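Listed here are the chains, written in short residue letters.
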Amino acid sequence: MSQSSPDFSIQTLSFPDAPDSPSALLVDDRIVPYLPLPVRPARSTPLHQDGKPSFEIRPAGVDRGLGMFATRHIPAGALILVEHPAILTPAKVPLTRDARDAVYRDLFAALPEHRRNELRTMTNCRSLDECETMEEGIARTNGTAVELGHPDEIEIDAREYGAVFLTINRSNHSCGPNAAHKWDLASFSSSLYALRPIEPAEEITMIYTDVTQPRDTRRERLLAHYGFTCMCEFCTLPPSLSAESDAARAALREWRHTRPVFAGWATDLCRADDFVLKSHMQALELIEKEGLQGMESAFVRDVCLCWAVLGEEAKFREWAKKLERLSDVRDVAMAREVRGWLQDPKGRVPKWGWRSKRRLQTSKKKVLEEPESYYSPLLF
């Protein structure tokens, strides 16, 4: 450890599964006791075959630098890569300019030469006014938000950190990404996984900004923060289709606040049995159209549970299997719970068949309370 300021220090973490790829961290000293000791390895990457990954890094085209491309078919939900970050830095470093420059140089120097050299090949889109050193510029350009353990009393803005991954960060942006990655603090690694099927030679893409915002807003933010104008298929639509896309994304952004959700409908017999199902199927159609499969998990979960309280086992199993695939990397606890549901739906899923049972009970009660309905009024 090298002391960098009274409040921050440079720490290094080594990993049993990647001993030659340590991480160098610039962290608030109050957080140091809460850093994990990653003794368990990150999860394996099943798509590695014959020691080769399911992707390659190569030029992505004019003015696009390097990119990540699939070398074989990658199914939706499949794990593509697990990686420890090279460096991790706070969002704000309250140091003088000279002190900050020295800190970032020391941070890079804490890495083995091969990691340091590769890190220096990454994009730096920050101006000299923002970041005087290349090292800080690379950290600011490529930093991906991650969570660290921290004491409860630490202020909110001191909890924000960005991690730079030498391989995951080679994945370029798209407003309809086919991949995403999930941070795991315990193993101090991030898992890149497919949001939808990816074909051989197809570029593997992620998001760099809020893709539910209108096209012009997305482009402005990407240009301001990363120095490029997005030319993905969703940003190059003709004006009429672009307006439709903006409207669809706005609807999805507000959906969870304005449209029905499972919890409110499940025990409300005044609502139609397909009330949530119709709404969520519309949302899933928009998600598919806009290439926003990163949003679909919550909708799929609600659809799955709707079929459960309706007691429709075949439909429940169909959607539960889809939810399991979606959750396998992004939400391990949910995937584990869904596997339990599939083993014994009627015994493990809360309120299994509740609506169908209550509908039947209500119907029988009505018959008992209105016996005249058994007879034709013509007999009297």
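Residues numbered from 1 in each chain as written. Predicted model: local features only at pLDDT ≥ 70, side-chain atom pairs only at ≥ 80, totals over all residues. Heavy atoms only, no water.

The name recorded for the protein chain in an unreviewed UniProt entry is SET domain-containing protein, from Tricholomella constricta.

Whenever I open this one, helix α3 (residues 134-142) confuses me. Can you help?
For an α-helix the count is 3.6 residues per turn, leaving residues at separations of three or four pointing the same way. With eight of nine residues buried, α3 is to be regarded as a mostly interior element. Along α3, the residues that are buried comprise E135, E136, G137, I138, A139, R140, T141 and N142. Against β7 (87-90), α1 (97-109), α2 (113-119), β8 (144-146), β9 (161-164) and α4 (215-226) lie the buried residues of α3. (Buried < 20%, exposed > 50% of the residue type's maximum accessible area, 1.4 Å probe, protein only. Helix = DSSP H or I, 4+ residues; strand = E, 2+ residues; numbered from the N terminus. Contact = heavy atoms within 4.5 Å.)

I keep staring at the domain arrangement of the protein chain and nothing clicks. Help me out?
Many structure descriptions define interface size as the accessible area lost when the parts assemble. Assigned domains within the protein chain: domain 1 (2-212) and domain 2 (239-356). If you average the C-alpha positions of domain 1 and of domain 2, the two centres end up 32 Å apart. Domain 1 puts 13 residues into the contact, and the matching count from domain 2 is 15 residues. Carbon and sulfur atoms supply 53% of the area that domain 1 and domain 2 bury against each other, a total of about 1,200 Å² over both sides. For the interface between domain 1 and domain 2, the tally reads zero salt bridges. Inspection of the domain 1/domain 2 interface yields five residue pairs in polar contact (both at pLDDT 80 or more). Taken together, the residues of the side of domain 1 that touches domain 2 break down into six nonpolar, four polar and three charged. (Domains from an automatic or database assignment. Buried area = accessible area lost by both parts, 1.4 Å probe. Salt bridge = Lys/Arg side-chain N within 4 Å of Asp/Glu carboxyl O. Polar contact = N/O pair within 3.5 Å; in protein donor to acceptor, adjacent residues only side chain to side chain. Nonpolar A, V, L, I, M, F, W, Y, C, P; charged D, E, K, R; others polar.)

Would you explain the nonpolar core in this entry?
Inside soluble globular proteins, nonpolar side chains tend to come together where they are buried. In terms of nonpolar packing, the biggest core is built from 48 residues, with I80, I87, L88, L119, L192 and I204 touching the most fellow members. One finds A283, F299, V309 and W341 within the second-largest nonpolar core, a separate group that totals 39 residues. (Core = buried A, V, L, I, M, F, W, Y, C linked by side-chain atoms within 4.5 Å.)

Before we go on, may I ask you to explain the packing of helix α5 (residues 239-258) against helix α7 (residues 275-290) in this structure?
Each pair of packed helices can be described by the angle between their axes along with the distance between the axes. Two elements in contact, α5 and α7, have axes whose closest approach is 10 Å; the angle formed by their N-to-C orientations is 135°. Of the possible angle classes, the one that applies to α5 and α7 is oblique. Crossing geometry of α5 relative to α7 is assigned as left-handed. Within the contact between the two elements, α5 uses E244, S245, A248, R249, A251, L252, W255 and R256 and α7 uses S279, H280, Q282, A283, L286, I287, K289 and E290. Each residue belonging to the contact of α5 with α7 can be placed in one class, and the counts come to seven nonpolar, four polar and five charged. (Axes fitted to C-alpha atoms, helices over the stretch in contact; angles between N-to-C directions. Parallel < 35°, antiparallel > 145°, perpendicular 65-115°, else oblique. Left-handed = near helix turned anticlockwise from the far one by under 90°.)

Looking at this structure, I do not really get the packing of aromatic side chains. What am I missing?
We describe a pair of aromatic rings using the distance from one ring centre to the other and the angle between the two ring planes. One pass over the structure, following the stated rule, counts 10 aromatic pairs. Measuring from centroid to centroid gives 5.2 Å for F316 and W352, while their planes differ by 85°, and the two rings are edge-to-face. Placement of the pair is F316 in helix α9 (residues 313-330) and W352 in the loop between α11 (345-348) and α12 (354-369), with a sequence separation of 36 residues. Each member of the pair F316 and W352 is classed as buried. Joined through ring pairs, the aromatic side chains of F15, F165, W183 and F188 make up one cluster. Taking NZ or CZ as reference, R58 lies 3.7 Å from the ring centre of F69, over its face. We note R249 situated over the ring of F234; from NZ or CZ to the ring centre the distance is 5.0 Å. (Phe/Tyr/Trp six-rings, centres within 6.5 Å; stacked < 30°, edge-to-face > 60°. Lys NZ or Arg CZ within 6 Å of the ring centre and 35° of its normal.)

Is there a simple way to think about the pattern of salt bridges in this case?
Opposite charge on two side chains lets them pair, provided their charged atoms get close. Following the criterion strictly, the structure yields 20 salt bridges and no others. Connected through salt bridges with shared partners, the residues D28, R30 and E155 form a single ionic network.

Where do I start with the packing of helix α8 (residues 296-309) against α9 in this structure?
In the contact formed by α8 and α9, the axes pass within 9 Å of each other and the chain directions differ by 150°. Relative to α9, the element α8 lies roughly antiparallel. For the crossing formed where α8 meets α9, the hand is left-handed. Residues E296, S297, V300, R301, V303, C304, W307 and A308 of α8 touch α9, and the partners they reach there are K315, F316, W319, A320, K322, L323, L326, S327 and R330.

Please explain the state of the cysteines as it appears in this structure.
Think of a disulfide as a covalent bridge from one cysteine sulfur atom to another cysteine sulfur atom. If you walk through the whole model with that rule in mind, you get zero disulfides. Cysteine C232 is unpaired, with the sulfur of C230 as its nearest cysteine sulfur at 3.5 Å. When its relative accessible area of 11% is taken as the criterion, C232 is described as buried. No disulfide involves C304; its sulfur sits 9.2 Å from that of C306, the nearest cysteine. A residue is classified by how much of its surface remains accessible, and C304, at 0% relative accessible area, is buried. (Disulfide = S-S within 2.5 Å.)

How should the sheet that holds strand β5 (residues 66-70) be read in this particular structure?
Strands pair in a sheet through their backbones, by hydrogen bonds, and they do so in one of two ways: parallel or antiparallel. Spatially, the four strands line up as an open sheet ordered β4-β5-β13-β10, and their pairing is mixed. Taken across any chain shown, the strands that pair with only one partner, and hence form the sheet edges, are β4 (55-59) and β10 (172-173). As defined by bridge partners, β4 adjoins β5 across five bridges and the pair is classed as antiparallel. Residue pairing in the sheet places R58 in a bridge with G67 of β5. (Pairing = 2+ DSSP bridges.)

Before we go on, may I ask you to explain α7 in this structure?
Between its terminal C-alpha atoms α7 stretches 23 Å, which fits the 22 Å expected from 16 residues at 1.5 Å a residue. Buried residues belonging to α7 abut α5, α6 (262-265), α8 and α9. The positive-phi residue at the C-terminal boundary of α7 is G291, with phi of around 65°. (Expected span 1.5 Å × (residues − 1).)

What exactly am I supposed to notice about the sheet that holds strand β12 (residues 189-194) here?
Here we have three strands laid out as an open sheet, ordered β6-β12-β11, and antiparallel in their pairing. Looking at strand neighbours, the two that pair on one side only are β6 (79-83) and β11 (179-184), the edges of this open sheet. The sheet shows a mean angle of 20° between the axes of neighbouring strands, direction not considered. As paired strands, β6 and β12 are joined by four bridges and run antiparallel to one another. Across the sheet, L79 pairs through a bridge with Y193, a residue of β12. Most of the contacts of α9 go to β12, to which it runs at about 155°, and overall it touches β6, β11 and β12.

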